[in-house]
Amino acid sequence: DQQVKQNSPSLSVQEGRISILNCDYTNSMFDYFLWYKKYPAEGPTFLISISSIKDKNEDGRFTVFLNKSAKHLSLHIVPSQPGDSAVYFCAARLEGVGAAGNKLTFGGGTRVLVKP
Amino acid sequence: DGGITQSPKYLFRKEGQNVTLSCEQNLNHDAMYWYRQDPGQGLRLIYYSQIVNDFQKGDIAEGYSVSREKKESFPLTVTSAQKNPTAFYLCASSTLGPGDTQYFGPGTRLTVL
C-alpha cells in the first residue's frame, strides 16, 4: 500500500515556464514533507520542506504548497531552467522520536525535462 | 569537506555471494539509513540506526544485514537470501532533531550476475 504517491511519472516544460509537481499521501499522521531532487547515478539532494502546520513554504524559485484536508502537496518551480531536469521525489515523515521519527516514506518520483 | 561517502560506485557479484556496501559520514550525525531504489520506483528503507550498536529494520529488511560499530560507519551486507539484489543502494544520515533533513551519499549500483 503506497502511502505517498506521485501520479505523474514525467513532466515536460519549456524553459522559463512553471513546473508543477504533485504528490498525494494517505497517512494523516505524516507531520513533515520534503522534496528531493535526483540526477541519474547520484544520491538525492534536499530541495525544500514543509511542516504540516504550514500551507506554504518558499525558497527562491521553489515553492511547496500543502493542502492537509486533501492530503496533497505540490512543488512549483518558476521559472524552470534546463538544470532543473532531474527526477523529483516527494517524501513524508511520520511523527516520532529519534531516527524512527526521521524515517521517510518516498513517492515514486517524477522525471522533469526542461526544454531550452 | 563534510559529507557521506559510499564505495564502490559500481559493484558486480555472482549470484549466491554475500556482498558488503560501505557507507561513511563525517557530519557527526547520529542517525544513518539504508535505502534501495529500483528503476522507476521511489526509495525504500532497508535499515536504520540512531546510535552505535543499535539498528532497526525498515520496510524491506529481509535478506540484508547491517552493523553500527562506529558512529561514522554503517555498512550494509546484501546476503544470498536477498531474492532480487540488483538495485541502486543509497545511504543517508541525519541528526535526531525534529525536522532534520536526511543527507544522501552518491549511491552504489549493485549488479548480481
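Up top is the structure these notes are about.
Read on for an overview of the structure. (Residues numbered from 1 in each chain as written. Chains lettered and ligands numbered in written order. Predicted model: local features only at pLDDT ≥ 70, side-chain atom pairs only at ≥ 80, totals over all residues. Heavy atoms only, no water.)

1. So, the environment of Phe74(B)
All names here are of chain B.
Line of reasoning, step 1. With respect to the helices and strands, Phe74 occurs in the loop between β7 (64-66) and β8 (76-78).
Line of reasoning, step 2. Since its relative accessible area comes to 0%, Phe74 is described here as buried.
Line of reasoning, step 3. In the structure, Phe74 is positioned 30 residues away from Arg44 in sequence and 17 Å away in space, judged by C-alpha atoms.
Line of reasoning, step 4. Excluding residues that lie within four positions of it along the chain, Phe74 makes contacts with Cys23, Met32, Tyr33, Trp34, Tyr47, Tyr48, Ser49, Phe55, Val66, Ser67 and Arg68. (Helix = DSSP H or I, 4+ residues; strand = E, 2+ residues; numbered from the N terminus. Buried < 20%, exposed > 50% of the residue type's maximum accessible area, 1.4 Å probe, protein only. Contact = heavy atoms within 4.5 Å.)

2. A few points about the sheet that holds strand β1 (residues 4-5) of chain A
Residue and element names in this part refer to chain A.
Line of reasoning, step 1. Taken in spatial order, the five strands line up as β1-β3-β8-β7-β6 in an open sheet, and their pairing is antiparallel. The strands lining the two open edges of the sheet, one partner per strand, are β1 and β6 (56-59).
Line of reasoning, step 2. Summarising the sheet, strand β3 (residues 19-25) and strand β8 (residues 72-77) pair through six bridges and their orientation is antiparallel. Pairing of Leu21 across the sheet is with Leu75, part of β8. (Pairing = 2+ DSSP bridges.)

3. Topic: the state of the cysteines
Every disulfide links exactly two cysteines, by a covalent bond between their sulfur atoms.
All names here are of chain A.
Line of reasoning, step 1. Summed over the entire model, instances satisfying the criterion amount to two disulfides over all chains.
Line of reasoning, step 2. Covalently, Cys23 is tied to Cys90 through a disulfide, its sulfur atoms 2.0 Å apart. Across the S-S bond of Cys23 and Cys90 the torsion is about -70 degrees, and the bridge reads as left-handed. Here the residue Cys23 occupies a position in strand β3, and Cys90 occupies one in strand β9 (residues 86-94), the gap between them amounting to 67 residues. Neither Cys23 nor Cys90 differs from the other in exposure class; each is buried. (Disulfide = S-S within 2.5 Å.)

4. Describing the nonpolar core
Line of reasoning, step 1. Phe33(A), Trp35(A), Leu73(A), Leu75(A) and Tyr88(A) are the most contacted members of the largest nonpolar core, which totals 23 residues.
Line of reasoning, step 2. Broken down by element, this core gets its largest block of residues, four residues, from β9(A). (Core = buried A, V, L, I, M, F, W, Y, C linked by side-chain atoms within 4.5 Å.)

5. Notes on the packing of aromatic side chains
The relation between two aromatic rings is expressed through the spacing of the ring centres and the mutual angle of the planes.
Line of reasoning, step 1. Overall, the coordinates contain 14 aromatic pairs over all chains when judged by the stated rule.
Line of reasoning, step 2. Linked through ring pairs, Tyr36(A), Phe46(A), Phe89(A), Phe106(A), Tyr33(B), Tyr35(B), Tyr48(B) and Phe104(B) together constitute an aromatic cluster.
Line of reasoning, step 3. One residue, Arg68(B), lies across the ring of Phe74(B), its end atom 5.9 Å from the ring centre. (Phe/Tyr/Trp six-rings, centres within 6.5 Å; stacked < 30°, edge-to-face > 60°. Lys NZ or Arg CZ within 6 Å of the ring centre and 35° of its normal.)

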